[in-house]
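# Observations on the model geometry
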Amino acid sequence: MHKIFWTSVCVFAVSAWQHTALAQQNVQPDMSVCPIPAPLFNAPINPFPNLLPGAIGVRANRADIDSTTQVASFFGAVEVQLDEQQLRTEQAQINQLTGNINASGETRFTNGYVQVASENFRLNSGENQAFLSGARYQLAVSGAHGKADMLSISPQQVRLEGSTFTTCPSENPAWQMSAEEISLSEDEAWGEAWHAKFELFGVPVLYIPYINFPVTEERKSGFLFPTFRSSQKNGFEVEIPYYINIAPNMDATITPRYMAERGLQMQGEYRFLTETTQAQYNLAYLNDDKSSVADNSRFLWRIEQRHSWSDNWRGYINGTFISDDDYLNDIGSEFAGRADAQLYRHAQIDYLSKNWNVTLRTEDFEILGNYRSPYRTTPQIISHYSMSPLQNWDFKLFSELSHFSNQDDSSERATRLHMQPQIAYHLERPGYDWLAELSYAYTYYNQDASTERNLEENPTRGLPSFRWRARVNLERLVELNDTIYTHTLQPQIQYLYTPYRDQSGIGIYDSTLMQDDYQGLFRARRFSGLDRIADTNQVTVGASTSLFDRQARELARFSFGQIYYFENSRTQLFEGVNTATEDRSDLALETRFRLSNNMYFNSSIQYNLEQNTTRKSQTTLEYRKDEFNLIQFSHRTASNLLENNVEQVGMLGVVEISPRWQLASNWYYDLANSRTNDALIALQYSDCCWAMRISGYRRINRNLEFNTGLPQAGAPEFDNGVSVQFIIKGLGSDNNGLLDLLEQSLFGYRHPFHLSN
C-alpha cells in the first residue's frame, strides 16, 4: 500500500517509464508559408517542490480519498506530473495499490515527445503503458500530427490505431497518410505504417501494405519521391530513387530510371566520410539502348575521393568516364554539362613542407567528338623547391618528369625531363613594387621518331629567360555627390626576353595557346605546358584603376593593357602556321562595377586595333538578391573559333513571385545563325507540405559521335521536352532549388566575377 502525504499536493510513489528527448533541428521556416501548429499542451505544469523521481505530484481544486479502496479522486483543474509526463484534466482517479491512473473527459497529456488531446486517459502501471482514446496528437519536435481512435504510449514508442499522419500544419492538410496502425519510434526517429492509404487533398491515391518513414530531419532508408519527364530523345521518363542509410558516415542511393525510347537505366551513388577520407562513387548503366540500331550498352561512372593523411601528405582522385561521346547529350548527367567538349580526369599524391612541394600525378583528357585524342600523362612527377637565402632574394627550382602516351596509338610515347632554376630579386614598398627574374630552362625528350611524325628521337632544348616587372600604387581621396571615395591607380610595365630555339623536332604533348586577357598579358609564357617555349622580346604596358567606398568595398574597376613586340615570335605550336607579323597584341580591356549591393556588371574585351575587330568579348549584367531571386543578361563573341564566328546573347533568371511560387527561365540566342540554341522555363509551387515543379526546354542537339569538326549541312536538330516533379515534404524528399535545374541546361549558370571586398 502506498502512503498518501496530504497537503495542497498529494504525493505517492508509482512506477514510471523513462523518456529520452530528441534534439531539435535548427530550422527557421518562413512563418508566412509554414506556421508552427499551436501546441496541444500549451504550457508546462508549474514545478512541484521536492518531488522525488518516480513519485506523482497532483494539484486539484478538490480531492477525495477512499481509505477502503485506496483510490484518490481529484476534481477541477487537475494537474498530474510523473517525471517527464504531465497530464491536465477535470477529473482523475489514482489507485495507490496498483499505481494506475484514470482520467475522464477532456484531457491533455505530454511526455516531451508527443502531445495528446483525448476523451480519456488510462495508465496501466503494471504494463508500463498509457492508453488514450478519441485522440488528437502532435509530435513536439517535427510538428507532425494526426488523429487516432486509440493511442498507446510505452517507453520510446507510440502506437496509433485507426489513425492519420501528416507534417502539414493546417487542419485540412494537402496530404496525409491514414492507416490501420502506425508506430512511431522515439529513439530512432522513424515511423512504420500498416495497411496505409496515401491521400492528396482528401482523395486516396495509393494503397501501401507497409511503409516506414522518417518523422524528423534525420536520415532514414526508404523511397524518395519520383520524377517524371518527357522528351523527344527519351520519350516518357520516370525516376524512383531509393535511399539507403548505411551508417552515420556512409550512405547510398539506387535510382531506377525508365526511358520509354531507350529502356531501363540503373543509377547508383555511394558516399562515405572518415577523419582522413571523403569519397563519392557514381554509376549509371543502360544495358541495351532501344533507340540505337546496334545492340550496345551505355554507361557513365565517376569517382571523386580526397585523402588527408597528415599535414604533409594529401591525395585526390577525380574522373568521369562515359561509354560514348553522345552520352551526355542523349542521357545527361549532373557531373558534366551537355555543352562540355572534354572530360578531364586525374589522380595525384602531394607532399608539402616548408621548402618542398612534390606531386605525383596521372591525368588524361577525353575529347568528345571525332578529333585526335590528346596524350595522357602516366605518370608525372613535379617538384617545386624554394628558399630565400638573403632578404628580398628568392631561389626556386622547378623540375618535372613526365611520360606521355597517345590514347589511340600506344606506339606514340614520349618521356620528358625538364629542370628550371630561377633566381629573383623583389622589392615591395607601399608606393611601388618591382620584380626581376632570371631563369634557365633545360628540357630533354625521349620520343617516338617515326617517319610520318617527322620528329627527333632525343631532342634537347636550353633556354634562358629574363623578366622584369614594375608597378606603381597611387591613391587619393575623391568626393562624388557629397560622398568620399578612395581612388587607386596602378600602372605597370613588364619586359620579357627569351631567345629563339628551333623546337620543330619536339612533339606537342600538353601545350596549347593561352588566353590574352588582361591578366594573361603579364604572364611569363605564351603557351601552357613545356613543349613550346616562345621566343619573346616584348614590353607589356597596362594599368588598372579602382574606386572604393569607406568600408573598403571595391565599387568599380577598369583595366587595360597591350603587348608591344620588338621582334616577331617565330615559335608556333604546329608547322605550317603563319608567323604573326603584327607589332602589338590585341588590346585587352576589363570593366567591373558594383552598381548596388545586389547588382554587378562585368565585361572583358580583346580588340584588334590593326583590323578594328573584336576577337573575343564577354559581358554580364546580374542582379542577385539571393538564390531565389536573380536575373542575368549576357553577351559573348569569339572570332575564328573552329573556323566559325560566335556571337550569342543570353538571359537567365530565377524569381520568387510569392513565398509559394517560383519561376525560372533561361534563353540563349545565336546571333550568327539566327536561332535559339537553348531555352528552358520552369514553374514551381511550394509550401510546407508539398511542391510541384513543371518545366519545359528546347535545345540544339550536339551529335558528336560522327562529327568531323566541319559545319554540318542542313538545318540543325533540336530536342524538346517537359518535366513534372511532385515533392512531398516531411517524408524524406529532396527539394533542390530551381537554380540547380538551370545548371542542367546546355549553358549552365555562371556567376560573374566578384569584386574584391
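Residues numbered from 1 in each chain as written. Predicted model: local features only at pLDDT ≥ 70, side-chain atom pairs only at ≥ 80, totals over all residues. Heavy atoms only, no water.

Take the state of the cysteines next. Under the definition given, this model contains 1 disulfide. A sulfur-sulfur distance of 2.1 Å marks the disulfide that ties cysteine 168 to cysteine 689. Here the residue cysteine 168 occupies a position in the loop between β11 (157-165) and β12 (175-185), and cysteine 689 occupies one in the loop between β41 (675-686) and β42 (690-700), the gap between them amounting to 521 residues. No difference in accessibility class separates cysteine 168 from cysteine 689, as the two residues are buried. (Disulfide = S-S within 2.5 Å. Helix = DSSP H or I, 4+ residues; strand = E, 2+ residues; numbered from the N terminus. Buried < 20%, exposed > 50% of the residue type's maximum accessible area, 1.4 Å probe, protein only.)

Glancing now at the nonpolar core. Phe121, Leu151, Ile153, Phe165 and Leu184 are the most contacted members of the largest nonpolar core, which totals 48 residues. Excluding residues that lie within four positions of it along the chain, leucine 184 makes contacts with Tyr113, Tyr137, Leu139, Gln156, Gln157, Val158, Leu160, Phe165, Trp190, Gly191, Phe213 and Val215. If you look at the next biggest cluster of nonpolar residues, it comprises 12 residues, including Leu630, Ala664, Tyr668 and Leu739. (Core = buried A, V, L, I, M, F, W, Y, C linked by side-chain atoms within 4.5 Å. Contact = heavy atoms within 4.5 Å.)

On to the packing of aromatic side chains. The full count for this structure, using the stated rule, is 23 aromatic pairs. With 5.7 Å between their ring centres and 20° between their planes, tryptophan 175 and phenylalanine 198 make a pair best called stacked. Here tryptophan 175, found in strand β12, pairs with phenylalanine 198, found in strand β13 (residues 190-200); they are 23 residues apart in sequence, far enough to count as distant. Taking the relative accessible area as the measure of exposure, tryptophan 175 reaches 0% and is therefore buried. Relative to tyrosine 509, the ring of tyrosine 375 lies with its centre 4.9 Å away and its plane at 75°, an arrangement referred to as edge-to-face. Placement of tyrosine 375 in strand β26 (residues 375-387) and of tyrosine 509 in the loop between β32 (483-498) and β33 (536-548) is noted, with a sequence separation of 134 residues between them. Three or more aromatic residues link up through ring pairs in this structure, and these residues are Phe201, Trp661, Tyr685 and Trp690. Directly above the ring of phenylalanine 718 sits arginine 698, whose terminal nitrogen or CZ lies 4.2 Å from the centroid. (Phe/Tyr/Trp six-rings, centres within 6.5 Å; stacked < 30°, edge-to-face > 60°. Lys NZ or Arg CZ within 6 Å of the ring centre and 35° of its normal.)

Once that is clear, we can look at unusual backbone geometry. With an omega dihedral of -5°, the bond running from threonine 378 to proline 379 counts as a cis peptide bond. Structurally, proline 379 is set in strand β26. For aspartate 83, which is not a glycine, the phi torsion comes out positive at approximately 55°. One non-glycine residue, asparagine 612, lies in positive phi territory at about 55°. Looking at the secondary structure, you find asparagine 612 in the loop between β36 (599-608) and β37 (613-626).

This next bit is on the pattern of salt bridges. Evaluated as defined, the whole model comprises 33 salt bridges. Between arginine 62 and aspartate 64 there is a salt bridge; the shortest N-O distance is 2.8 Å. The partner of glutamate 239 in a salt bridge is arginine 257, and the shortest N-O contact between them spans 3.6 Å. You can see glutamate 239 sitting in strand β17 (residues 235-239) and its partner arginine 257 sitting in strand β19 (residues 250-259), a full 18 residues away along the chain. Arginine 257 shares its class with glutamate 239; the two are buried. Taken together, the salt bridges that share partners define one network made up of Lys233, Arg262, Asp289, Arg298, Asp324 and Asp330. (Salt bridge = Lys/Arg side-chain N within 4 Å of Asp/Glu carboxyl O.)

This prediction gives the protein chain a mean pLDDT of 84; 88% of its residues lie at or above 70. The secondary structure element of the protein chain with the lowest average pLDDT is strand β1 (residues 5-6), at 30, and the one with the highest is strand β30 (residues 460-472), at 97. Ignoring residues within four places in sequence, the model shows residues 1-32, a span with pLDDT below 50, making 74 contacts including any to other chains. Across residues 706-713, where pLDDT falls below 50, the model places 7 contacts with residues more than four positions away in sequence or in other chains. (pLDDT = per-residue confidence, 0-100.)

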